[in-house]
Amino acid sequence: MKLRHKKLILVALAVIALGVVAALVLNAFRSNLVFFFSPTQVVKGEAPRDRSFRVGGLVEKGSLVREKDGVTAHFRVTDTLQTIAVDYTGLLPDLFKEGKGVVTEGRLNDRGVFVATQVLAKHDENYMPPEAASALEQAQKAQKTLVAPK
Amino acid sequence: MSNFNWYKYSSPATFYGLAGKMIPWFYGVAALLCVAGLYLGLFLAPTDFQQSDAYRIIFIHVPAAWMAMVIYVVMACWAALGLAFNTRLSFMMASALAPTGALMTFISLWTGALWGKPTWGAWWVWDARLTSELILFFLYLGFMALQAAIDDPRRADRAGALIALVGVVNVPIIYFSVRWWNTLHQGASVSVTKSPSMAAIMLAGMLVMALAAWMYAIAAALSRARSIILEREKNSQWVAQMVEGEA
């Protein structure tokens, strides 16, 4: 085997070893790399009690209530299994809508209500024209009426 | 095929001439694709059902982010080849790619911030995707700074190659971060494993822009490689002959 081939194999092995190390380290920090907790995790008590954290999920349909002052809002974040009630005072982002993704930062108060200091809209990877979106919605509705819920 | 002399093209003198002939073509195609892609993206593509016009960032942001990752991998490959085969040209190509990669990374971070404020409600969040992309930017800067700090070009090449190879671990982390962890950044709309989740005309605009970014990156890296060759080989015979021939 030529020297340069040996060297190439050596470099490749070094990169692979480095990759394994990186994978192990990242795996060890897994829980710290989470940007937000789901409502189920919060209900289970996996989220920190003593410091602020983020909750992510969908804004439950029909849960958004705006107070008369115009900047305070109450809504519930759901992951379809559990829900968390959220109080927030401040501007909501443009994409904030019922049934859409949201990530909110704050802490739980004594009554189990999440008092948010920041609300971020999390949107999905789907891009389509408005007409296509409404057509899709119609199709889904039609399908739901055809297949009766069990 | 075995008769083909690969080493001929690893000689800086041959490469210098060949690259000089190719650069105008790459720049030309890049310009054409860029105009076509922007026309598709800004005039022909419809608005998005959720983000309305803000989504048009993808025609710049996504190609730049893709290029930032691709360039880093290519740079690391040149660095590995340089370390293994001890070819000067490989190291020169790695150095030539770094500024373009840093530029692409900066564009993706900057356009992402401009889009993040109206869409998410924040310029910047420390989620896994954004943080790993920022690390990529620092890796590019670190590579360039280290090479600039060492006077002996051979030692500078080797030190830079080491950063390039160590940093390549970060590229899959960037790419898979949206799948491995909860992030604010959305998942991939285009990937090899599933059909794209965007309207065809939006996708077309984005892909044309991505091709334009490829062409631009190749042209920029080649012309930068030519400058590096001239600088490093200034005392060699072929450069002296070329300068005499032009004078």
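Refer to the structure printed above.
Throughout what follows, the structure given in this document is the object of discussion. Keep in mind the model is a prediction, meaning the values are calculated, not measured. (Residues numbered from 1 in each chain as written. Chains lettered and ligands numbered in written order. Predicted model: local features only at pLDDT ≥ 70, side-chain atom pairs only at ≥ 80, totals over all residues.)

A closer look at the overall build of chain A
Each helix and strand counted, chain A has three helices and six strands in total. Taking 15 Å as the expected radius of gyration for a compact globule of 150 residues, we find that chain A reaches 23 Å, considerably beyond that expectation. Looking at chain A residue by residue over its 150 residues, the buried ones come to 24%. For chain A, restricting intrachain contacts to residue pairs at least 6 apart in sequence, the fraction spanning at least 24 positions comes to 43%. (Helix = DSSP H or I, 4+ residues; strand = E, 2+ residues; numbered from the N terminus. Rg over C-alpha atoms; globule rule 2.2 N^0.38 Å. Buried ≥ 20, exposed ≤ 12 C-beta atoms within 10 Å, placed from the backbone. Contact = placed C-beta atoms within 7 Å.)

As for the pairing of strand β5 (residues 101-108) of chain A
In summary, the side chains of a regular strand alternate between the two faces of the sheet. Residues and elements named next belong to chain A. In this structure, strand β1 (residues 53-59) lies alongside β5, joined through six bridges in antiparallel fashion. Across the sheet, the residue bridging to L58 is G101, located in β5. Relative to strand β6 (residues 114-121), β5 runs antiparallel, the two being bridged by seven bridges. When the bridges of β6 are listed, R107 appears paired with V115. Counting the residues in the hairpin turn of β5 and β6 gives five residues, including G112, whose phi is positive at 80°. (Pairing = 2+ DSSP bridges.)

Focus on the interface of chain B and chain A
Counting from both sides, the interface comprises 35 residues of chain B and, opposite them, 31 residues of chain A. Secondary structure elements with two or more residues in the side of chain B that touches chain A: α3 (58-85), α4 (88-119) and α6 (153-167) of chain B. For the side of chain B that touches chain A, the element with the highest residue contribution is α3(B), accounting for four residues.

Re the pairing of strand β3 (residues 72-78) of chain A
All names here are of chain A. For β1 and β3, the ladder comprises two bridges, and the chain directions are antiparallel. Across the sheet, residue L58 finds its bridge partner in β3, namely T78. For strand β2 (residues 65-66) and β3, the ladder comprises two bridges, and the chain directions are antiparallel. Bridge pairing in β3 places R66 opposite A73.

Focus on the packing of α3(B) against α4(B)
All names here are of chain B. Where α3 meets α4, the axes come as close as 8 Å, and the angle between the chain directions of the two elements is 160°. The orientation of α3 relative to α4 falls into the category roughly antiparallel. Classified by chirality, the crossing of α4 by α3 is left-handed. Residue classes in the contact of α3 with α4 are distributed as 21 nonpolar, nine polar and no charged. (Axes fitted to C-alpha atoms, helices over the stretch in contact; angles between N-to-C directions. Parallel < 35°, antiparallel > 145°, perpendicular 65-115°, else oblique. Left-handed = near helix turned anticlockwise from the far one by under 90°. Nonpolar A, V, L, I, M, F, W, Y, C, P; charged D, E, K, R; others polar.)

Brief notes about the environment of A:G62
All names here are of chain A. Its location among the elements puts G62 in the loop between β1 and β2. For G62, a count of 10 C-beta atoms within 10 Å translates into the label exposed. In the structure, G62 is positioned 60 residues away from K2 in sequence and 71 Å away in space, judged by C-alpha atoms.

Looking at the nonpolar core
Within the largest apolar cluster, 67 residues are counted, with the highest numbers of intra-cluster contacts made by B:A68, B:M75, B:A79, B:A94 and B:A164. Counting residues per element, the ones that place at least two in this core are α2 (12-44), α3, α4, α5 (128-149), α6, α7 (170-180) and α8 (200-232) of chain B. Here this core takes 19 residues from α3(B), the largest share from any one element. Residues in contact with B:A94, not counting those within four places in the same chain, are B:M75, B:W78, B:A79, B:G82, B:G160, B:A161 and B:A164. Core analysis: the second largest hydrophobic core is formed by 28 residues, A:V42, A:A116, B:L130 and B:L184 among them. (Core = buried A, V, L, I, M, F, W, Y, C linked by C-beta atoms within 7 Å.)

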